[in-house]
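Structural overview for review
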Amino acid sequence: MSLRFQTASAFFFSLMLGMTALAGVAAAVPAKGTFELRIPGGHLDAVGIPAGITFTSIDGADNTSSKLSLAYVAAGLGYFVSDNVEVGATLGLLRMKVGDNDTSFGPAIAPFVRGLSMVAPRLALFGEGMVEYVRMDVGDASTSSMSFGFDAGVEFFLAESWALRVAPGYRYRTAKISIDDFSDEQTAHAFGLGWGIAAYF
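Please read these numbers as outputs of a predicted model, since none were measured by experiment.

What to know about the packing of aromatic side chains
A complete count under the given rule lists five aromatic pairs for this structure. Plain terms: the ring middles of Phe 35 and Tyr 79 are 4.9 Å apart, the flat faces sit at 55° to each other, and that makes the pair tilted. Within this pair, whereas Phe 35 is found in strand β1 (residues 35-41), its partner Tyr 79 is found in strand β3 (residues 68-80), the two being separated by 44 residues in sequence. Aromatic pair Phe 80 and Tyr 200: ring centres 6.2 Å apart, planes at 50°, arrangement tilted. You can see Phe 80 sitting in strand β3 and its partner Tyr 200 sitting in strand β9 (residues 182-200), a full 120 residues away along the chain. For Phe 80, a relative accessible area of 0% corresponds to the buried category. Note that Arg 114 overlies the ring of Phe 126, its terminal NZ or CZ placed 5.2 Å from the centroid. Over the aromatic face of Phe 126 sits the side chain of Arg 165, whose NZ or CZ is 5.6 Å from the ring centroid.

Here is the structure:
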């Protein structure tokens, strides 16, 4: 499911970029003092949870009792401290349900730093580093995770203040699970394809 989601996302936005290139719209160049409102999506993190606006269902070994259902919604705000450097944070809410257990919710926060350079009137290249923290409590159990990652991609302006971006990225995650006196910590690496919608003002 995740691979199909990534492939469909890449095809859709490649098509959109090609169509927009023929439209000849003008674009504004983000400068110092500009704000960005973003909705991210598509990127698989180190435990296989897509980011942005996503709904996922994963069957367990018995295909019933351990079925995992996830929903994740996120949005972020950035500010250009110079003409080419942006800082900000993304806030998210993760909803998780395992089998017939109660539904639980957990917050996520991901500060980021991004460097952006316009290479054409409507096209920019960027690199972005981020750190993400997620915590969730389910009954007597609690989970927390920390991710470190980097994305490098392209951003295409569809209009003066609207843009789409596509970027491959890498995530390294450490996750800790605690149940009463028991605790376990795991690490994982992941590569994925991310996309995003941005509004500048």
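After that view of the structure, there is still more to cover.
A closer look at the environment of Gly 88
With respect to the element layout, Gly 88 can be found in strand β4 (residues 85-98). On the accessibility criterion, Gly 88 (21% relative accessible area) is partly exposed. Residues in contact with Gly 88, not counting those within four places in the same chain, are Leu 77, Gly 78, Ala 110, Pro 111 and Phe 112.

Things to note about the side chain of Ser 147
Turning to its location among the elements, Ser 147 is positioned in strand β7 (residues 141-157). Beyond its immediate sequence surroundings of up to four residues, Ser 147 is in contact with Met 130, Val 131, Glu 132, Tyr 172 and Arg 173.

Focus: the pattern of salt bridges
One pass over the full model with this rule turns up 11 salt bridges. Arg 38 is the salt-bridge partner of Glu 86, the closest N and O atoms lying 3.9 Å from each other. Residue Glu 86 is found in strand β4, and its partner Arg 38 is found in strand β1; the two are separated by 48 residues along the sequence. Residue Glu 86 shares its accessibility class with Arg 38, and that shared class is buried. With a closest N to O distance of 4.0 Å, Glu 128 and Arg 114 form a salt bridge. Taken together, the positions of Glu 128 in strand β6 (residues 123-138) and Arg 114 in strand β5 (residues 104-120) put the pair 14 residues apart, joining distant regions of the chain. Just as Glu 128 is buried, Arg 114 falls in that class too. Each of the salt bridges in this network shares a partner with another, and the network as a whole consists of Glu 36, Arg 38, Glu 86, Arg 114, Glu 128, Glu 155 and Arg 165.

Points about the side chain of Glu 132
Among the structural elements, Glu 132 can be located in strand β6. Overall, Glu 132 belongs to the buried group, its relative accessible area being 11%. Polar side-chain contacts of Glu 132 include one of 2.8 Å to the side chain of Arg 173. Not counting residues up to four positions away in its chain, the partners in contact with Glu 132 are Tyr 72, Ala 108, Ile 109, Ala 110, Ser 145, Met 146, Ser 147 and Arg 173.

Here we look at the confidence of the model for the chain
Confidence in the prediction for the chain averages 76 pLDDT; 65% of positions are at 70 or higher. Note that pLDDT drops below 50 for residues 19-25; the model gives that stretch 12 contacts with residues more than four away or on any other chain.

Regarding the environment of Ala 108
With respect to the helices, strands and loops of the structure, Ala 108 is situated in strand β5. Exposure remark for Ala 108: the relative accessible area of 4% places this residue in the buried category. The spatial distance from the C-alpha of Ala 108 to the C-alpha of Glu 132 is 6.9 Å, given a sequence separation of 24 residues. Discounting chain neighbours no more than four positions away, the residues touching Ala 108 are Tyr 72, Thr 90, Leu 91, Gly 92, Glu 132, Tyr 133 and Val 134.

Examining a nonpolar patch on the surface
Taken together, the side chains of Phe 35, Leu 37, Leu 77, Tyr 79, Val 81, Val 85, Val 87, Val 113 and Phe 201 make up a nonpolar region of the molecular surface, amounting to roughly 740 Å² of accessible area. Within the residue set of the nonpolar patch, elements represented by two or more residues are β1, β3 and β4. With respect to the secondary-structure elements, Val 81 resides in the loop between β3 and β4.

Criteria and thresholds
Residues numbered from 1 in each chain as written. Predicted model: local features only at pLDDT ≥ 70, side-chain atom pairs only at ≥ 80, totals over all residues. Heavy atoms only, no water. Phe/Tyr/Trp six-rings, centres within 6.5 Å; stacked < 30°, edge-to-face > 60°. Helix = DSSP H or I, 4+ residues; strand = E, 2+ residues; numbered from the N terminus. Buried < 20%, exposed > 50% of the residue type's maximum accessible area, 1.4 Å probe, protein only. Lys NZ or Arg CZ within 6 Å of the ring centre and 35° of its normal. Contact = heavy atoms within 4.5 Å. Salt bridge = Lys/Arg side-chain N within 4 Å of Asp/Glu carboxyl O. Polar contact = N/O pair within 3.5 Å; in protein donor to acceptor, adjacent residues only side chain to side chain. pLDDT = per-residue confidence, 0-100. Patch = residues over 30% accessible without salt bridge, like charges linked within 9 Å, V, L, I, M, F, W, Y side chains within 5 Å. Areas by Shrake-Rupley, 256 points an atom, 1.4 Å probe, with all protein chains shown as cover.

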